[in-house]
Every structure is written in structure tokens, then in C-alpha cells.
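This is what each chain is made of:
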Amino acid sequence: MAAKNTMLGNRAFGKGSESLVTVPYRSHRDALEFVQATLRSARGVGVLQGPRASGKTLVARLVQERLPETTAVARIDGTDARPHTLLSEMLAQFGYHTGLESAGELLQMVRVFVTQQAQSVQPPVLIIDNAEHMYSGARRTLDALADLRVQNRFALRILLTGDAGLNELIASDDLQVFAQRHFGMFSLGPLARRETTQYVHARLQACGATNPDDIFPPASCERLHDLSGGWPGVINHYAQEALR
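Here's a quick rundown of the structure. Here the structure is a predicted model, which is why all the values come from computation and not from measurement.

Things to note about the pattern of salt bridges
Applying the stated criterion to the full structure yields seven salt bridges. A salt bridge links arginine 75 to aspartate 129; its shortest N-O distance comes to 2.8 Å. Linking arginine 75 in strand β2 (residues 73-77) with aspartate 129 in strand β3 (residues 125-129), this pair joins segments that are 54 residues apart in sequence. In terms of burial, arginine 75 and aspartate 129 fall into one category: buried. Of the charged contacts, one joins arginine 139 and aspartate 174 as a salt bridge, the two residues approaching to 2.9 Å between their closest N and O atoms. In this pair, arginine 139 is assigned in helix α6 (residues 136-146) and aspartate 174 in the loop between α7 (165-170) and α8 (176-180), connecting sequence segments 35 residues apart. A relative accessible area of 16% places arginine 139 in the buried class. Salt bridges linked by common partners bring Arg139, Arg140 and Asp174 together as one network.

Examining unusual backbone geometry
Of note in this structure, aspartate 80 is not a glycine but carries a positive phi near 60 degrees. As for its placement among the helices and strands, aspartate 80 is situated in the loop between β2 and α4 (83-93).

Some details on the side chain of asparagine 236
In this structure, asparagine 236 sits in helix α12 (residues 232-242). Ignoring anything within four residues of it in the chain, the contact list for asparagine 236 reads Phe13, Ser17, Tyr199 and Arg203.

Remarks on the packing of helix α9 (residues 193-206) against helix α11 (residues 218-228)
Two elements in contact, α9 and α11, have axes separated by 9 Å at closest approach and are oriented at 110 degrees. If you check the angle between α9 and α11, you find them roughly perpendicular. As α9 runs across α11, the sense of the crossing is right-handed. Contacts between α9 and α11 involve Arg193, Thr196, Thr197, Val200 and His201 from the first element and Cys221, Glu222, Leu224, His225 and Asp226 from the second.

Remarks on the packing of α9 against α12
Where α9 meets α12, the closest approach of the two axes is 11 Å, and the angle between their N-to-C directions is 60 degrees. Taken together, the axes of α9 and α12 are oblique relative to one another. Viewed along their axes, α9 and α12 form a crossing whose handedness is right-handed. Judged by residue contacts, Thr196, Tyr199, Val200 and Arg203 of α9 engage Pro232, Ile235 and Asn236 from α12.

Remarks on the nonpolar core
Membership of the largest hydrophobic core comes to 37 residues, with the highest contact counts inside it found for Met90, Leu126, Ile128, Leu142, Leu145, Ile158 and Phe178. With residues up to four places along the chain from it excluded, the contact list for leucine 142 reads Leu86, Leu126, Ile128, Met134, Ile158, Leu160 and Leu175. Val73, Phe186, Leu188 and Cys221 belong to the second-largest nonpolar core, a separate cluster that totals 34 residues.

Reading the values: the criteria
- Residues numbered from 1 in each chain as written.
- Predicted model: local features only at pLDDT ≥ 70, side-chain atom pairs only at ≥ 80, totals over all residues.
- Heavy atoms only, no water.
- Salt bridge = Lys/Arg side-chain N within 4 Å of Asp/Glu carboxyl O.
- Helix = DSSP H or I, 4+ residues; strand = E, 2+ residues; numbered from the N terminus.
- Buried < 20%, exposed > 50% of the residue type's maximum accessible area, 1.4 Å probe, protein only.
- Contact = heavy atoms within 4.5 Å.
- Axes fitted to C-alpha atoms, helices over the stretch in contact; angles between N-to-C directions.
- Parallel < 35°, antiparallel > 145°, perpendicular 65-115°, else oblique.
- Left-handed = near helix turned anticlockwise from the far one by under 90°.
- Core = buried A, V, L, I, M, F, W, Y, C linked by side-chain atoms within 4.5 Å.

Laid out in C-alpha cells, this is it:
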């Protein structure tokens, strides 16, 4: 029984379980609507903020999945990113593996691709996770991309995700153009108590459990909520530990 519970806990709440099932809750739905509306707007830049394990990765993934198939999109981890990393990753995800070492040449290629797409198809989308951990040079490169225009319209849609460090990042001199585009910001909130119960039970059911109330009865779900503060990733941690 213990081994069976451990296996269930790993499948429902362990590493790699994020794509198992999407359990919407109020803040998550609001964040998704905010990002989608922001990327459709003329300003086309948004910031999604929240602590670690708050669900930012899930929202960013759903945004990417729901973009029109004709949209060129690049999603990059900003941790320790430098200009070359940022630009070469963008081009690779846009379908170009150049092998170029010069950040200047890479930037020119990105400029050409972005402006051509914006003019002939629709503006590409750039999503940067952990944006507050980029090096200064990558931030300045991002700012140069944020200034690209086609017929007086911004050519690149941008979403940055991260924690409270994003406030300091956007206030820096490195992102002056980005800030001038009057970006929108959304701060993710935690699940309510009732939402925590729904979240836990839905993940168990997605793994085939027919008796989620027996595995985590209401009192246990309330305990999970108190321990986690209602943050999805932290709920996963404590739920997995409880089933070991």
C-alpha cells in the first residue's frame, strides 16, 4: 500500500506532473486572460509576477499553446542569459540555427525576422521566464528588440515572468523602451481553501484515483492549504510528501 501511495504521489504531484492536468482557479484564470489581452493590445508587453511555485510556468505554457498556429513564438529561460544566449535561442525557436558567434550579427538577423513577420503575418511573441535573472547585456538587447516597429506599430510582443525582482529590473536603465511601452503587470495570487481541495482531488483523479476524498479528506486538504499558503507548487510538494 505504501509503495502504491508513493507511486500515486509521484505521478500526481511530483516532477513532470505539471502537464498532467490543468486545474483552473480564479487567479490563474485572471492571469491567463490578462496576458492574452495584453499580447493582443497595441502596447503588446506584459509582466507576470509571483513567488516561486505560484504557477507562472503553467500560465506561460498555456499562453504559448493558445497562440494562433501562424504565430512565431520563442520561450526562453532568462536565468544567467547573455545577449548571445537570448538571440541564438530566439532564432533557434524561430527555426534558424545560424552558428553565429557575433551578438551583433544575431541581433540583425532577429531584427529582420521579427519585422518581416510583423509586416507579412503577425508580430512574433517572446516569452522570457525568470527574467529578473538575465545579465545586464541581455536586458539591453531585449530593450533594443522592444523598440522594433513596423508602420509605427511595435513589431514584437513580449511577456516577462518572474518574482518580485521584476520591479527592480523594469525600473532599471536597461529597459527604458520596454517601460515606455506602458506594460501591464499581473501578480498571481494563491488558491483559496476550496480551490486547494479541488486542485488536489483533480490531480488525483487525473491519475486514476476514484476515491480522492479517502486519500485526502477535507481536513487534510485544509492542512495542505495552511502549510502551502495556497501556492500550487508548494501544495504539490506537501501532498507528495504525505503520500510517501
